[in-house]
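Residue-level listing of the chains:
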Amino acid sequence: MSPNPPVYPDEPKIPVLPNMLTAGNLLCGFFSILTIFKGMRFPDGTEEAFMYYQQATYFIFAACIFDLLDGRVARMCKVDGPFGREFDSIADVVSFGIAPAMLLARAVLFNIPVPHLGDAIAVLYLLCAALRLARFNCMAAAPKKPNQSMDFVGLPVPMAAGAVVSTMYLVIDITTNRNLEIHLGWQITMAVIMTVVALLMMSRVIYPSFKHVNLEKKGTITAMLLAVAAVCAFIALPWIAPAIIFLCYLLYGLVVRPFLTRRMRRTIEADDDEDDGEEDDTPSEQQ
């Protein structure tokens, strides 16, 4: 009698539209890394290197947009699931972990007097980003608790990447006339910012996810107005607005949100659900 044939797990369902957006995120990260390698062919601090690092910055910003859209599209289509979560985490490691770490190490931190300190800070950032995404996958796969919040525990990885890259973008603009001859004081400042951002990713600081926002919420009007204002600022002040927006989000969770009442938080975060549980324990989703 022949043995029973092997049994394999069922293939996961792969929704097309949200995963195409996630693929766009991954490709932006890939092209950002390729562009950084092109810049590395030129001497550190030259205008030619800066041109390529500037292009790599644009790819990371584009990846942020794809990442913002893929989860929302999946929820709107009601097709969010484990495959999308895993795929999104892989894309985020590339676009918001490896690419920003390489970019900052080569564009800003390469000239710090302490040997290998810049590389060590970049490695710390990359490890914290990867650990955060692994923690997210474990928490998302765990059984949901009653009144479980949708807010983020720790700084989300895309926002961390946006914060460090946009700050680098601003520092280069205001201090060096858009080349890479950055003063040592600003290099140290960027090193401190990158270290703080890395630690915030693995912290227990609560950040709003804005996943509450939909057309049935009263707070949506405020959120939409803020989004329009942000887009206009990006267009009018491309060297300044990204850093201000990302750093405002970073500081909101770190120093502002803990002192707000629940009503004020609901107004700012477009959350009108009076029955939400406490937001300070465990999130259901955190990228």
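Rules behind the numbers
Residues numbered from 1 in each chain as written. Predicted model: local features only at pLDDT ≥ 70, side-chain atom pairs only at ≥ 80, totals over all residues. Heavy atoms only, no water. Axes fitted to C-alpha atoms, helices over the stretch in contact; angles between N-to-C directions. Helix = DSSP H or I, 4+ residues; strand = E, 2+ residues; numbered from the N terminus. Parallel < 35°, antiparallel > 145°, perpendicular 65-115°, else oblique. Left-handed = near helix turned anticlockwise from the far one by under 90°. Contact = heavy atoms within 4.5 Å. Nonpolar A, V, L, I, M, F, W, Y, C, P; charged D, E, K, R; others polar. Salt bridge = Lys/Arg side-chain N within 4 Å of Asp/Glu carboxyl O. Buried < 20%, exposed > 50% of the residue type's maximum accessible area, 1.4 Å probe, protein only. Core = buried A, V, L, I, M, F, W, Y, C linked by side-chain atoms within 4.5 Å. 1 Å grid on protein atoms, 1.4 Å probe; cavity = no way out; pocket = protein on both sides within 12 Å on 5 of 7 lines; lining within 4 Å. Points joined across faces, edges and corners; volume = space filled by probe spheres on them. Phe/Tyr/Trp six-rings, centres within 6.5 Å; stacked < 30°, edge-to-face > 60°. Polar contact = N/O pair within 3.5 Å; in protein donor to acceptor, adjacent residues only side chain to side chain. Disulfide = S-S within 2.5 Å. pLDDT = per-residue confidence, 0-100. Patch = residues over 30% accessible without salt bridge, like charges linked within 9 Å, V, L, I, M, F, W, Y side chains within 5 Å. Areas by Shrake-Rupley, 256 points an atom, 1.4 Å probe, with all protein chains shown as cover.

1. Quick look at the packing of helix α2 (residues 47-76) against helix α3 (residues 82-107)
Relative orientation of the contacting elements α2 and α3 amounts to 155 degrees, with a least axis distance of 10 Å. In this view, α2 runs roughly antiparallel relative to α3, as classed from their interaxial angle. Considering the relative orientation of α2 and α3, their crossing is left-handed. Touching Y53, A56, T57, I60, A63, C64, D67 and D70 of α2 are D88, D92, S95, F96, A99, P100, L103, R106 and A107, all from α3. The residue makeup of the contact of α2 with α3, split by class, is 10 nonpolar, 2 polar and 5 charged.

2. Considerations on the pattern of salt bridges
Following the criterion strictly, the structure yields 1 salt bridge and no others. Here R257 ties to D151 by a salt bridge, and the two come within 3.3 Å at their closest N and O atoms. Taken together, the positions of R257 in the loop between α8 (241-256) and α9 (262-268) and D151 in the loop between α4 (117-141) and β1 (152-153) put the pair 106 residues apart, joining distant regions of the chain. Take D151: its relative accessible area is 1%, and that puts it in the buried class.

3. Some details on unusual backbone geometry
For K78, which is not glycine, the phi torsion reads 55 degrees and is therefore positive. Even without being a glycine, H116 presents a positive backbone phi close to 65 degrees. Positionally, H116 belongs in the loop between α3 and α4. Of the residues examined, H116 reaches a relative accessible area of 65% and is grouped as exposed.

4. Side note on the nonpolar core
If you look at the biggest cluster of nonpolar residues, it comprises 55 residues, and the most contacted ones within it are L103, L104, L109, Y125 and L155. Considering every element that reaches this core, the biggest residue donor is helix α5 (residues 157-176), with 10 residues. The residues touching L104, leaving out its near neighbours within four places in the chain, are L109, V164, V165, M168, M190 and M194.

5. Some thoughts on empty space enclosed by the protein
By the definition in use, this model includes 2 cavities of 30 Å³ or more. Approximately 30 Å³ is the volume attributed to the second largest cavity. When contributions to the lining of the second largest cavity are tallied by element, the ones reaching two or more residues are α2 and α5. Residue contributions to the lining of the second largest cavity peak at 4 residues, all from α2.

6. Structural notes on the packing of helix α1 (residues 16-39) against α3
Packing of α1 against α3 brings their axes to within 9 Å, and their N-to-C directions diverge by 20 degrees. Between α1 and α3, the interaxial angle falls into the category roughly parallel. Here α1 runs over α3; the crossing is left-handed. In the contact of α1 with α3, the residues fall into 16 nonpolar, 7 polar and 3 charged.

7. Observations concerning the packing of aromatic side chains
One pass over the structure, following the stated rule, counts 8 aromatic pairs. Relative to Y52, the ring of F42 has its centre 5.8 Å away and its plane inclined at 20 degrees; by these criteria the two rings are stacked. With a gap of 10 residues between them, F42 in the loop between α1 and α2 and Y52 in helix α2 connect regions that are remote in the sequence. Y52 gets classed as buried once you look at its relative accessible area, which sits at 16%. A network of ring pairs unites the aromatic residues Y58, F61, Y169 and F246 as a single cluster.

8. Some points on the side chain of Q54
Within the fold, Q54 resides in helix α2. A distance of 3.2 Å separates a polar atom in the side chain of Q54 from a polar atom in the side chain of Y58. Ignoring anything within four residues of it in the chain, the contact list for Q54 reads Y169 and W239.

9. Brief notes about the state of the cysteines
For the structure shown, the criterion picks out 0 disulfides. Take C28: it sits in no disulfide, and the sulfur closest to it among the cysteines is that of C64, at 9.5 Å. For C28, a relative accessible area of 10% translates into the label buried.

10. Digging into the confidence of the model for the chain
Looking at the chain, the pLDDT average stands at 82 and 85% of residues meet or exceed 70. Confidence scores differ between elements of the chain, with helix α7 (residues 220-236) showing the lowest mean pLDDT of 74 and α1 the highest of 95.

11. Examining a nonpolar patch on the surface
A contiguous nonpolar surface patch, about 360 Å² in accessible area, is contributed by L27, F30, F31 and L34. Assignment of secondary structure puts F31 in helix α1. Exposure remark for F31: the relative accessible area of 39% places this residue in the partly exposed category.

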